[in-house]
Amino acid sequence: MHRLAACIILVTLIPVTFMAAAPAATKDTSVSRLPALPDPSDPYLKEMFAKVRAKGGQPLNIHLVQGFAPKLARARLDMAYALRYDVVTPALLREMAILRIGQILNSEYELDQHVPLAKACGVTDAQIAALPNWRASALFDEKQRALLGYTEAVALHGGEVDDATYAAFAKQFSPQEIVEITITIITYYGTGQLTKALKVKVETNGARSAPPKC
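The shown structure was predicted, so the numbers you read here are calculated from the model rather than taken from an experiment.

Novice: Honestly, the state of the cysteines in this entry has me stumped. Any pointers?
Specialist: The bond known as a disulfide is covalent and runs between the sulfur atoms of two cysteines. According to the stated counting rule, one finds one disulfide in the structure shown. With its sulfur 1.9 Å from that of its partner, Cys 121 forms a disulfide with Cys 214. Judged by the sign of its S-S torsion, about -70°, the bond between Cys 121 and Cys 214 is left-handed. Of this pair, Cys 121 sits in the loop between helix 6 (108–120) and helix 7 (125–130) while Cys 214 sits in the segment after helix 10 (175–197), and the two are 93 residues apart along the sequence. Cys 214 gets classed as exposed once you look at its relative accessible area, which sits at 60%.

Novice: Help me understand helix 4 (residues 70–85) in this model?
Specialist: Helical periodicity: at 3.6 residues per turn, an α-helix aligns residues three or four positions apart in one direction. Here helix 4 spans 22 Å end to end across 16 residues, near enough to the 22 Å set by a 1.5 Å rise per residue. Every buried residue belonging to helix 4 is among Pro 70, Ala 73, Leu 77, Ala 80, Tyr 81, Leu 83, Arg 84 and Tyr 85, and all of these are buried. Against the buried residues of helix 4 lie helix 2 (43–54), helix 3 (61–66), helix 5 (91–105), helix 6 and helix 10.

Novice: Explain the environment of Gln 193 to me, please; I cannot follow it from the model alone.
Specialist: Topologically, Gln 193 is positioned in helix 10. Spatially, the C-alpha atoms of Gln 193 and Gly 102 are 9.4 Å apart, while their sequence positions differ by 91 residues.

Novice: What is the right way to look at unusual backbone geometry in this model?
Specialist: Backbone phi values are negative for most residues with the exception of glycine, while trans is the configuration of most peptide bonds. A positive phi is found at Asn 106, a non-glycine position, where the angle reads about 55°. Take Asn 106: it is sitting in the loop between helix 5 and helix 6. Judged by its relative accessible area of 59%, Asn 106 is exposed. At Lys 199, a residue that is not glycine, the phi angle is positive and equals roughly 50°. For Lys 199, the location among the structural elements is in the segment after helix 10.

Novice: Would you explain the packing of aromatic side chains in this entry?
Specialist: Geometry of an aromatic ring pair is reported as the spacing of the ring centres plus the angle between the planes. Taken as a whole and assessed by the stated rule, the structure comprises four aromatic pairs. Ring centres of Tyr 150 and Phe 169 lie 3.9 Å apart, and the angle between their planes is 0°; on these two criteria the pair is classed as stacked. Residue Tyr 150 is located in helix 8 (residues 142–156), and its partner Phe 169 is located in helix 9 (residues 163–172); the two are separated by 19 residues in the primary sequence. Of the two residues, Tyr 150 and Phe 169, both sit in the buried class. Members of the aromatic cluster, joined through ring pairs, are Tyr 150, Tyr 166, Phe 169 and Phe 173.

Novice: How should I be thinking about the packing of helix 8 against helix 10 in this particular structure?
Specialist: When two helices pack together, you describe them by how their axes are tilted relative to each other and by the distance separating the axes. Two elements in contact, helix 8 and helix 10, have axes whose closest approach is 10 Å; the angle formed by their N-to-C orientations is 45°. Comparing their axes, helix 10 and helix 8 come out oblique. Classified by chirality, the crossing of helix 10 by helix 8 is right-handed. Between helix 8 and helix 10, the contacting residues are Leu 147, Tyr 150, Thr 151, Val 154 and Ala 155 on the first element and Ile 181, Thr 182, Ile 185, Ile 186 and Tyr 189 on the second. The residue makeup of the contact of helix 8 with helix 10, split by class, is eight nonpolar, two polar and no charged.

About the criteria used
- Per chain, residues are indexed from 1 in the order of the written sequence.
- Local features are withheld for residues below a pLDDT of 70 in this predicted model, meaning they are given only at 70 or higher, and side-chain atom pairs are given and counted only at 80 or more; totals for whole chains, interfaces and linings count all residues.
- The basis for the side-chain values is all heavy atoms of the structure; hydrogens and waters are excluded.
- Disulfides are defined in this document as cysteine sulfur pairs within 2.5 Å.
- Secondary structure elements follow DSSP: runs of H or I no shorter than four residues count as helices, runs of E no shorter than two count as strands, and numbering proceeds from the N terminus.
- Burial classes follow relative accessibility: with a 1.4 Å probe on protein chains only, a residue under 20% of its type's maximum area counts as buried, one over 50% as exposed, and anything between as partly exposed.
- By this rule the span expected of a helix is its residue count minus one, scaled by 1.5 Å.
- Whether two residues are in contact is decided by their heavy atoms: any pair within 4.5 Å suffices.
- Classification of ring pairs uses Phe, Tyr and Trp, with its six-membered ring standing for Trp, and accepts pairs whose centres are within 6.5 Å; under 30 degrees between planes counts as stacked, over 60 as edge-to-face, and the remaining range as tilted.
- Fitted lines through C-alpha atoms give the axes, limited to the stretch in contact for helices. The angle between two N-to-C directions lies from 0 to 180 degrees.
- Working definition: roughly parallel below 35 degrees, roughly antiparallel above 145 degrees, roughly perpendicular at 65 to 115 degrees, and oblique for all remaining angles.
- Working rule for handedness: look at the near helix, and if it is turned counterclockwise from the far one by less than a right angle, call the crossing left-handed; if clockwise, right-handed.
- The classification used treats Ala, Val, Leu, Ile, Met, Phe, Trp, Tyr, Cys and Pro as nonpolar, Asp, Glu, Lys and Arg as charged, and all other residues, Gly among them, as polar.

Right under this line is the structure:
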């Protein structure tokens with residue numbers, strides 16, 4: 001009888017023991033569809049993150065995602081910084097084009113990072129709100145309208161820019177600026193697609209991109 005009672009007590013306690021031993025739920029630290037990237041030791045990433053901080057920015061989720069391909073990540077950062085610091089096209093115009101691209105793609109990540117950059121260089125809240133319907137707005141001058149028309153033609157029509165749109169654009173910008181703006185458009189169009197395809201999460205820790213040279 002005593003042996004039977006002991007067996008009953010043991011069987012009753014087994015589920016409790018298993019329940020107590022169950023592991024705690026792990027916190028989701030991923031910043032995209034990809035796994036979370038641990039603290040990187042790759043020399044390319046160390047150099048890249050040091051460069052970001054030296055420019056006054058902070059490593060972002062997009063840097064962590066691209067960090068799975070370190071050499072490409074560094075190359076993309078070099079391109080982004082060349083477009084931000086080593087061009088003659090005014091930053092206000094470049095950021096205005098990037099915002100319009102972000103709106104066209106509905107890239108929440110791109111807009112979250114570039115709205116502050118655009119505002120820092122003089123793009124107003126009213127202009128940002130009016131960008132989707134800029135043709136009907138009086139908030140944009142002739143140069144900005146030529147830029148936006150060209151940006152939309154490249155982004156919406158697979159690079160097929162009609163002669164009238166290009167003529168209006170070329171009237172306002174030098175050949176160097178034309179190339180700089182075109183590379184800016186196609187680069188940030190690709191970035192917007194990347195952030196959507198891999199579902200890169202918007203920063204929740206306040207980390208911001210390096211400020212432009214306005």
